[in-house]
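One letter stands for each residue in the lines below.
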Amino acid sequence: MNFRNIAVSILTNYVFRRFLFFLLIIWIASTLIFLIPRLSGQDPVKEKLLLEAQRGGHMQAGLEEMAATYSRKFGLDKPLIVQYGHYMKDLLRFDFGPSIAYFPKSVNSLIGDSVIWTFGLLSVCTFIAFFVGTMAGALLGWPRSPNFLQYIFMPILTLAAIPYYLLALVLIYIFAFNLDWFPLFGGYAVATLPNWSFEFSLQVAHHAILPGASIVLASLGFWALGMRGMMVTNQGEDFMIAAEAKGLRGTRLFFNYAVRNAILPQTTALALSLGTVFTGSVLVEVIFRYPGLGNTLYQAIRLNDFFVIRGMIFIVIVTLGLATFIIDVTYPLLDPRVSYKKGG
Amino acid sequence: MTKKTFRRRVEDFLRYVRRNPSLGVGILLLLSLLLFVVIGYATYEVERYRPLSGGPDLAPFQTDNYHPEEFPNGYPLGTDRQGRDIMAVMIAGIPLTLQIGLIAGLIGITVGTLLAFISAYYGGVVDQVISTIVDVGLTIPGILILIVIAVNLQSGLTVPQMGLAVSAVAWVWPARTIRAQVLVMREQLYVEIARLSGTSGFSIMFKEMLPNLAPYIGASLVGSVASAILASVGLEALGLGPFDSPTLGMTIYWNIQFSSILHGMWWWFGPPILVLAMIFVGLFLMTAGLDEWSNPRLRKRV
C-alpha cells in the first residue's frame with residue numbers, strides 16, 4: 001500500500017514535470033515568434049502593402065495611411081509589452097487573425113483546409129516507416145539473420161542521409177513523368193471536388209503514393225540504423241545470454257528479448273523525430289503540390305503572408321509539443337524503469 | 001604534443017581509415033567534389049552561372065542560337081530557363097553551399113561546446129537552465145524558427161548572412177551531446193587525479209578534458225555542418241535564400257519554381273540532386289566513421 005502510494009506520487013510528479021515542459025516549449029516558441037520580427041525592425045503589414053502596390057501599381061501617397069490603418073486594426077501601434085499581452089491572449093485562444101493575402105479569410109480556416117491532408121499523409125507514413133525501418137534494423141542487427149540482408153545496409157544508409165525532397169524529385173521524374181504510373185501533382189484529380197465516395201478515396205490514395213513513398217523511404221533508414229545499433233548493443237547483455245542458455249527458440253529470443261528491449265529508445269526517438277518528419281515533408285508537399293500544410297506554408301512565404309506563417313508555425317509547434325508530451329507520458333507504460341527514476 | 005607523436009597520430013589515422021571504410025568513402029566523396037570545383041575554376045568559365053549567359057532551356061551540347069559562333073557545341077550540362085550555364089552553376093554552387101554549412105557548423109559547435117562545458121562545470125541551477133533550454137530547442141524544429149527569421153530578413157540575404165542565420169539553431173544538438181560526453185569524462189580517473197592534485201576546475205576543463213574530447217568534437221562538427229547544409233538548402237528551396245547566389249539550394253528552388261521536371265529537363269534538376277546527395281551521404285559517412293574513430297568502444301564492436 002505504502003509502496004504503491006510512493007509510486008503513484010512519483011508518476012504524477014513525472015507527468016506534472018512533463019506538462020510544465022510542454023508549457024515551456026509553447027511559451028518559448030511563441031515568444032521567439034513574437035520577438036524575431038520586432039528585432040528585424042520590419043513591418044509585415046507595410047511590407048505586404050508595398051508588395052501589393054508594386055504589383056497593382058497603386059499610388060504611393062495613400063500607402064502610409066493605409067499601413068497605419070492596418071497597423072491600428074492589428075494593434076501594431078501600441079507599446080511592445082501591450083502587443084505581447086494581446087498576442088499571447090490571441091494565441092491561447094488560437095486566434096491568429098486574418099490572412100493578409102486572402103483577407104478577410106482567417107488564418108485558422110486556411111490551416112483548417114489543409115491540416116487533414118498533412119495529418120493523414122504523415123501519420124500513415126510515420127507508422128509505416130517506423131514499423132518497416134525498425135524491423136529492418138532489428139534483422140540487420142541480429143546475428144542469425146540470413147547473410148543477403150547485409151546487402152540492403154548500404155542503400156538504407158544512403159536513404160537515411162539524403163533529405164526527403166531530393167528523393168521526391170527523383171521519384172516524380174521516374175514514376176510520374178517518365179513511366180506515367182502516378183499523377184504528377186495534387187492531392188486529387190483536377191476536375192473533382194473532395195467528397196466521401198469510394199472513387200474519391202481511391203484517387204486520394206493514388207495521389208498520395210509518390211509523396212508518401214518519398215517520406216517513407218527517406219525516413220526508414222533513420223529507424224533502421226537506430227534499431228540496428230540497439231540490437232548490437234543488447235547482444236552481449238546478461239539477459240540475452242541467460243535467455244539463450246535456457247535454450248529458447250530463435251523467434252522467441254528475437255521478438256521477446258532482443259526486439260522488446262531494443263525498441264524502447266526507438267519510442268523516445270519517435271517523439272524527437274516528429275518535428276523532422278514534418279519539416280522534411282514541407283518541401284515534398286511543395287514538389288507534389290499536395291494540398292497540405294507544407295504547401296500552404298510555402299504559398300504564405302511566397303505571398304509574404306506573415307500572419308499565416310506565424311499561425312501555422314505556432315500550431316505545428318503546439319502539436320509537436322503535445323505529441324512529445326503524450327509519448328513521454330505513456331513511455332513508463334512501455335518501460336517500467338522510467339517511472340521510478342527521479343526527474344525522468 | 002611533440003612533432004613526432006603528431007606525425008604518428010596522422011599515420012595511425014591513415015592506417016585506421018583502411019579498417020574503417022565509411023570514413024574513407026565519406027572523405028573520398030567530398031574530396032572528389034572539391035576536386036571538381038578546383039578543376040572547374042581552373043579550366044571553366046565559371047562566370048556563366050549568371051542568368052542570361054546563354055540561351056534558355058538548352059539540353060547538354062545543344063547549339064546555342066544566341067551565340068552560335070562562340071559556343072558551336074553548346075554547354076556540357078545545358079542551361080536553365082533563365083540561361084544559366086548549369087556546369088558553371090555547379091562549380092560555383094558547391095563551395096557556396098559548403099561555406100554556409102561551415103560557417104553555421106563552426107559557430108554552432110563553438111557555442112555548443114562552450115555551453116556544454118559551462119553547464120557541466122557549474123552544475124546545479126546553471127546546468128538545469130541550460131539543459132532545459134537545450135531540450136526545448138530539440139523539440140522545436142530549428143527550421144521553423146529559421147523560416148520566421150528568414151521571412152523577416154528577406155531583403156537580400158548574402159551567403160555569409162545565410163550561414164549566420166542558420167547558426168542561430170545549430171548549437172542545440174552539439175550542446176546536448178557534448179555535455180553528455182563531458183559528464184561521462186568528468187568521472188574518469190585522470191580527471192580525478194588532476195582534481196586531487198589541486199588543478200583548478202577551469203584548467204581541468206580546458207587543458208585536460210577539451211583535448212581528449214577533440215576527436216569527439218571533430219565528429220560532431222562534421223555532423224553539424226551536415227545539418228546546417230540541410231537546413232540552409234531547405235530554406236533556399238522554400239525561396240528564403242540568397243537570390244543572387246547560385247547555391248545548390250537556390251538551384252533546387254529555381255527547379256521547383258519553373259517546374260523543370262514537368263518539362264523533362266533532367267540536366268537541370270539532375271546535377272544539383274546528385275551533388276547534394278553526394279554531400280549528404282559523404283558527410284553522413286564521415287560522421288559515422290569519425291564517431292567510430294573517436295569512440296574506442298564503438299571501434300571494437302564493428
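Residues numbered from 1 in each chain as written. Chains lettered and ligands numbered in written order. Predicted model: local features only at pLDDT ≥ 70, side-chain atom pairs only at ≥ 80, totals over all residues. Heavy atoms only, no water.

Draft legend 1. Examining the interface of chain B and chain A more closely. Across the boundary between the two partners, chain B contributes 43 residues, which contact 50 residues of chain A. Taken together, the two surfaces of chain B and chain A that pack against each other cover about 4100 Å², and 81% of this comes from carbon and sulfur. Per-residue buried area on chain B facing chain A is highest for Asn152(B), Leu238(B) and Ile261(B); these three make up 15% of the total on that side. Where chain B meets chain A, there are one residue pair in polar contact (both at pLDDT 80 or more). Elements supplying a minimum of two residues to the side of chain B that touches chain A: helix 4 (124-139), helix 5 (142-152), helix 9 (201-237), helix 10 (248-257) and helix 11 (266-294) of chain B. If one sorts the elements of the side of chain B that touches chain A by residue count, helix 11 of chain B sits on top with nine residues. (Contact = heavy atoms within 4.5 Å. Buried area = accessible area lost by both parts, 1.4 Å probe. Polar contact = N/O pair within 3.5 Å; in protein donor to acceptor, adjacent residues only side chain to side chain. Helix = DSSP H or I, 4+ residues; strand = E, 2+ residues; numbered from the N terminus.)

Draft legend 2. Looking closely at a nonpolar patch on the surface. Residues and elements named next belong to chain B. On the surface, a cluster of nonpolar side chains totalling about 650 Å² of accessible area is made up of Leu114, Ile118, Tyr121, Tyr122, Val126, Phe202 and Phe206. The element that contributes the greatest number of residues to the nonpolar patch is helix 3 (residues 86-122), accounting for four residues. As for its placement among the helices and strands, Val126 is situated in helix 4. Its relative accessible area of 33% is what places Val126 among the partly exposed residues. (Patch = residues over 30% accessible without salt bridge, like charges linked within 9 Å, V, L, I, M, F, W, Y side chains within 5 Å. Areas by Shrake-Rupley, 256 points an atom, 1.4 Å probe, with all protein chains shown as cover. Salt bridge = Lys/Arg side-chain N within 4 Å of Asp/Glu carboxyl O. Buried < 20%, exposed > 50% of the residue type's maximum accessible area, 1.4 Å probe, protein only.)

Draft legend 3. Representation of the environment of Arg48(B). Looking at the element boundaries, Arg48(B) is found in the loop between helix 2 (21-43) and helix 3. Between the alpha carbons of Arg48(B) and Pro160(B) there is a distance of 22 Å; along the sequence they are 112 residues apart.

Draft legend 4. Region of the structure containing empty space enclosed by the protein. Counting across every chain of the model gives one cavity of 30 Å³ or more. Roughly 40 Å³ of volume is contained in the largest cavity. Around the largest cavity, the lining residues are Arg18(A), Phe21(A), Phe22(A), Ile25(A), Gly321(A), Thr324(A), Phe325(A), Asp328(A) and Thr139(B). Listing elements by their share of the lining of the largest cavity, those giving two or more residues are helix 1 (2-40) and helix 12 (306-334) of chain A. (1 Å grid on protein atoms, 1.4 Å probe; cavity = no way out; pocket = protein on both sides within 12 Å on 5 of 7 lines; lining within 4 Å. Points joined across faces, edges and corners; volume = space filled by probe spheres on them.)

Draft legend 5. Spotlight on the environment of Pro76(B). All names here are of chain B. By the element assignment, Pro76 lies in the loop between helix 2 and helix 3. Its relative accessible area of 25% is what places Pro76 among the partly exposed residues. Sequence separation of Pro76 and Leu115 is 39 residues, and the distance between their C-alpha atoms is 48 Å. Not counting the four nearest positions on each side in its chain, Pro76 is found in contact with Tyr44, Pro60, Phe61 and Met87.

Draft legend 6. Examining the pattern of salt bridges more closely. On inspection of all chains with the given rule, the structure shows 13 salt bridges over all chains. One salt bridge in this structure joins Arg93(A) and Asp90(A), with 3.0 Å as the shortest N-O distance. Judged by relative accessible area, which is 53%, Arg93(A) ranks as exposed. Between Arg48(B) and Asp85(B) there is a salt bridge, with the nearest N and O atoms lying 3.0 Å from each other. Of the two residues, Arg48(B) is situated in the loop between helix 2 and helix 3 and Asp85(B) in the loop between helix 2 and helix 3; the sequence distance between them amounts to 37 residues. Residue classification places Arg48(B) among the buried positions, given a relative accessible area of 14%. Relative accessible area serves as the criterion here: at 0%, Asp85(B) is assigned to the buried category.

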